[in-house]
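One letter stands for each residue in the lines below.
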Amino acid sequence: MKRTALSMSLACLLAAGAQGSRAAQDDDKEVDRLKNAAVVLDEIFGMPDGIPKELLDRAECVIVFPSVKKLAVGIGGSYGRGAIACRGGARFDGPWSAPAMFALEGGSIGFQLGGQATDFVLLVMNQRGAESVMGSKVKLGADASAAAGPKGRNAGAATDIVMRAEILTYSRARGLFAGVSLEGSTLRSDSGANRNLYGRELDARQIVREKAVAVPKAGQPLVDLLNRRSPKNISDKADG
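Summarised in this report is the structure supplied together with it. (Residues numbered from 1 in each chain as written. Predicted model: local features only at pLDDT ≥ 70, side-chain atom pairs only at ≥ 80, totals over all residues. Heavy atoms only, no water.)

## Overview of the pattern of salt bridges
No. 1: All told, the structure shown has 12 salt bridges when counted by the stated rule.
No. 2: Here Arg-172 and Glu-43 are joined by a salt bridge, their closest N and O atoms 2.8 Å apart. Of this pair, Arg-172 sits in strand β7 (residues 167-173) while Glu-43 sits in helix α1 (residues 2-45), placing them 129 residues apart in sequence.
No. 3: The closest approach of N and O atoms between Glu-105 and Arg-188, which form a salt bridge, is 2.9 Å. (Salt bridge = Lys/Arg side-chain N within 4 Å of Asp/Glu carboxyl O. Helix = DSSP H or I, 4+ residues; strand = E, 2+ residues; numbered from the N terminus.)

## Looking at the nonpolar core
No. 1: Residues Ile-84, Leu-123 and Leu-187 are the most contacted members of the largest nonpolar core, which totals 64 residues.
No. 2: Ranked by the residues each element gives to this core, the list is headed by α1, at seven residues.
No. 3: Contacts of Leu-123, omitting those with residues within four sequence positions, involve Ile-51, Leu-55, Leu-56, Ala-59, Cys-61, Val-62, Glu-166, Ile-167, Leu-168 and Tyr-170. (Core = buried A, V, L, I, M, F, W, Y, C linked by side-chain atoms within 4.5 Å. Buried < 20%, exposed > 50% of the residue type's maximum accessible area, 1.4 Å probe, protein only. Contact = heavy atoms within 4.5 Å.)

## Considering the state of the cysteines
No. 1: Tallied over the full model, the rule gives one disulfide.
No. 2: Paired through a disulfide, Cys-61 and Cys-86 show a sulfur-sulfur distance of 2.1 Å. Since a negative S-S torsion denotes a left-handed disulfide, the Cys-61-Cys-86 link at about 100° is right-handed. Of this pair, Cys-61 sits in strand β1 (residues 61-70) while Cys-86 sits in strand β2 (residues 78-86), placing them 25 residues apart in sequence. Across the pair, exposure class does not vary: Cys-61 and Cys-86 are buried alike. (Disulfide = S-S within 2.5 Å.)

## Observations concerning helix α6 (residues 191-198)
No. 1: Listed as buried for α6 are Ala-193, Asn-194, Leu-197 and Tyr-198. The buried residues of α6 all sit within an arc of 110° when viewed along its axis, so they share a single face.
No. 2: Gly-199 sits one or two residues past α6 and shows a positive phi near 80°. (Arc of directions from axis to C-beta.)

## Examining the pairing of β7
No. 1: Of all the seven residues making up β7, seven are buried; the element is thus mostly covered by neighbouring parts of the structure.
No. 2: Of the two faces of β7, both are covered, the one formed by Ile-167, Thr-169, Ser-171 and Ala-173 as well as the one formed by Leu-168, Tyr-170 and Arg-172.
No. 3: Both strand β4 (residues 118-124) and β7 contribute to a ladder of six bridges, which runs antiparallel. Residue pairing for β7: Val-121 is matched across the bridge by Tyr-170.
No. 4: Bridge count between strand β6 (residues 146-148) and β7: three bridges; the pairing is parallel. Within β7, the position partnered with Ala-148 by the bridge is Thr-169.
No. 5: Relative to strand β8 (residues 176-179), β7 is paired through four bridges, and the arrangement is antiparallel. Each bridged residue has a counterpart across the sheet, and for Ala-173 the counterpart in β8 is Leu-176. (Pairing = 2+ DSSP bridges.)

## Topic: the packing of aromatic side chains
Between two aromatic rings, the relevant description is the distance of the centres plus the angle of the planes.
No. 1: For the coordinates displayed, the defined rule picks out one aromatic pair.
No. 2: Measuring from centroid to centroid gives 5.2 Å for Tyr-170 and Phe-177, while their planes differ by 10°, and the two rings are stacked.
No. 3: When its relative accessible area of 4% is taken as the criterion, Phe-177 is described as buried.
No. 4: Above the plane of the ring of Phe-92 lies Arg-209, whose end atom (NZ or CZ) is 3.8 Å from the centre. (Phe/Tyr/Trp six-rings, centres within 6.5 Å; stacked < 30°, edge-to-face > 60°. Lys NZ or Arg CZ within 6 Å of the ring centre and 35° of its normal.)

## Some thoughts on unusual backbone geometry
Most peptide bonds take the trans form, and the phi angle of most residues other than glycine is negative.
No. 1: Its identity is not glycine, yet Ser-67 carries a phi of approximately 55°, on the positive side.
No. 2: Take Ser-67: its relative accessible area is 41%, and that puts it in the partly exposed class.
No. 3: Unusually for a residue other than glycine, Phe-92 sits at a positive phi of about 55°.

## As for helix α8 (residues 220-229)
No. 1: Within α8, burial applies to Leu-222, Val-223, Leu-225 and Leu-226. Take α8 and look down its axis: the buried residues cluster within an arc of 160°, on one side only.

## Description of the side chain of Asp-57
No. 1: Tracing the backbone shows Asp-57 in the loop between α2 (53-56) and β1.
No. 2: In terms of polar contacts, Asp-57 uses its side chain to reach the side chain of Ser-230, at 2.6 Å. (Polar contact = N/O pair within 3.5 Å; in protein donor to acceptor, adjacent residues only side chain to side chain.)

That's the geometry; what it means functionally is another story.
And the structure:
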C-alpha cells in the first residue's frame, strides 16, 4: 500500500509538472507574439513606402499578425496569430489600449503566401469596423468591408473604395510591403491566448475597450510604439 501511495504521489507530481511546463510554454508563445508584433510594426513604420501616416492617424485600431505561415495547400490551410490594440475612450481619441490576442484564418490568406512567412497589418478605420472585429467572428468583405491599403507617404491617391473601407489590409514578405486583399478571411479573438497572457477568461472587447486589464510587460513595446507614432486620432469623428 505504501508503494501504491508513493506511486500515486509521484504520478500527481509529474502531471502537475507537465501542466506547469505547458502553461509556461503557452505564456512564452504569447510573449513572443507581442514582441514580434512590435518589431514588425516598427520595421514597417520605418519603410519609406510603408503605411501612410495620415491613414495611421485616422485608424481606430491596429491589428498585427507576424510571420503567418502556410500550413497546407488550398483554402483554409493558413492561419495567423497576432494582436490588436485600439485607441481608448468612447470616441477612440485616447491613448492606445492593452493588446488582445487575435487570430486570422482561412479564406484568401493561403493565396497570399508563398513558401515564406508573411507579416500582415490591418488598420480598422472607423467605429463600425471596430465594433465588427470585437464580435465573436468577423468575415472580411462580408461582415466588415475591407480593401488593400495604399502605401507611401500620403494617401492622396487612394480610391473612394479604399477610403470608405472599414478595414485596410497590408502584407510584407521578403522585405516587400504592399496593400493586399484578405476578403473571405476571418478575424476572431484568440480566447486561449488571452487566457494564457492575462490569467483569466477575457475577450477582445473587455481588454481593448473596457480596460479590464493593464498593459502587460510583454505588450508595452507595442503600445509605446503606437502612442509614439500616432498619439492623436485626426479623423473627423474624433475631432468633432
